[in-house]
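Here's the letter readout for the chains.
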Amino acid sequence: KSEQFSWDDYLKETESIAAPLHCFKQSRIPPTNDFKVGMKLEAHDPRNVTSVCIATIIGITGARLRLRLDGSDNKNDFWRLVDSSDIQPIGTCEKKGGMLQPPLGFQMNASSWPMFLLRTLNGAEMAPAAFFKKEPPKPAANCFKVGMKLEAIDRKNPYLICPATIGDVKGDEVFVTFDGWRGAFDYWCRCDSRDIFPVGWCSLTGDALQPPGNNVSITKSSAKIQSSPSKVTRRSMQSPQKSAPVPAQRGRKPGRGKPPGQSTV
Ligand code: MLZ
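Let us look at the structure shown here. Keep in mind it's a predicted model, so treat the numbers as computed, not measured.

**Re the layout of surface pockets**
Point 1. Taken as a whole, the second largest pocket spans an internal volume of roughly 480 Å³.
Point 2. Around the second largest pocket, the lining comprises 21 residues; the ones closest to its centre are W79, R80, D86, R194 and D195.
Point 3. For the lining of the second largest pocket, the elements supplying multiple residues, two or more each, are strand 4 (78-81) and strand 9 (187-190).
Point 4. Considering each element in turn, the lining of the second largest pocket owes the most residues, four residues, to strand 4.
Point 5. A class-by-class count of the residues in the lining of the second largest pocket yields seven nonpolar, three polar and 11 charged.

Okay, here's the thing in structure tokens:
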């Protein structure tokens, strides 16, 4: 089936509602992405957040940048929104009296860092300050409710944004569950996380929204409604088998005891 995913249809199908815009720490209109591949900027090292490093833009996806720290390998790329406070124009660190640091796992001898830094910045195309957008304000409170739909970054495959459902709410945190994936990708995050977006975000930014997985949930709630199979299909947020893209519905074993089988791409 090559049908395109439609939130309108999906919300009806699952009889659910989209989390309201004001719940998110995201701008109502996604920021424009003017950056170009190859430009350099300063970024906080995700593996060592007190360090500010030089990063190169390796890719552009919607309102996000795929970044690689200069001097690091190609196995630790990360993605940031153009209005993320984790990125800034080159020169910002120095202006604040800070020093640019080698990334964690700097591939060369530490003593070669000063020369490496000079060389990497020499002739570099620096991303203009105007491309960096102001971070949106925090939501006033955690106003997510269980069952609300959203779009969320799959933290195990951070280039993917996927349909998700709020599975639980506790204090300032929410439990993000990925529709159709037996719980293997679910996570808790703060309600003001930059990794969660309102329904429709990807279609506004031009990012590709993944379709939901096609695994059936064997959660208590779906077990209760087994009599109505059409609803069991997609209402579910967690589901048993990843590798079997069965046409959904019934006949699946409640494989709850089994480990999810870590899936990577
Ligand atoms: N290649 C991976 C992608 C899973 C994405 C799930 N996102 C919630 C897999 O098939 O396991």
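**Things to note about the environment of L11**
Point 1. Locating L11 in the fold gives a position in helix 1 (residues 7-13).
Point 2. With sequence-adjacent residues up to four places away left out, L11 is seen in contact with S16, I17, A18 and K149.

**Some points on the environment of P212**
Point 1. Relative to the assigned elements, P212 resides in the loop between helix 4 (201-205) and helix 5 (220-224).
Point 2. You can call P212 buried: its relative accessible area is 10%.
Point 3. Remark: the alpha-carbon pair of P212 and N122, spanning 90 residues in sequence, is separated by 45 Å.

Conventions adopted
Residues numbered from 1 in each chain as written. Predicted model: local features only at pLDDT ≥ 70, side-chain atom pairs only at ≥ 80, totals over all residues. Heavy atoms only, no water. 1 Å grid on protein atoms, 1.4 Å probe; cavity = no way out; pocket = protein on both sides within 12 Å on 5 of 7 lines; lining within 4 Å. Points joined across faces, edges and corners; volume = space filled by probe spheres on them. Helix = DSSP H or I, 4+ residues; strand = E, 2+ residues; numbered from the N terminus. Nonpolar A, V, L, I, M, F, W, Y, C, P; charged D, E, K, R; others polar. Contact = heavy atoms within 4.5 Å. Buried < 20%, exposed > 50% of the residue type's maximum accessible area, 1.4 Å probe, protein only.

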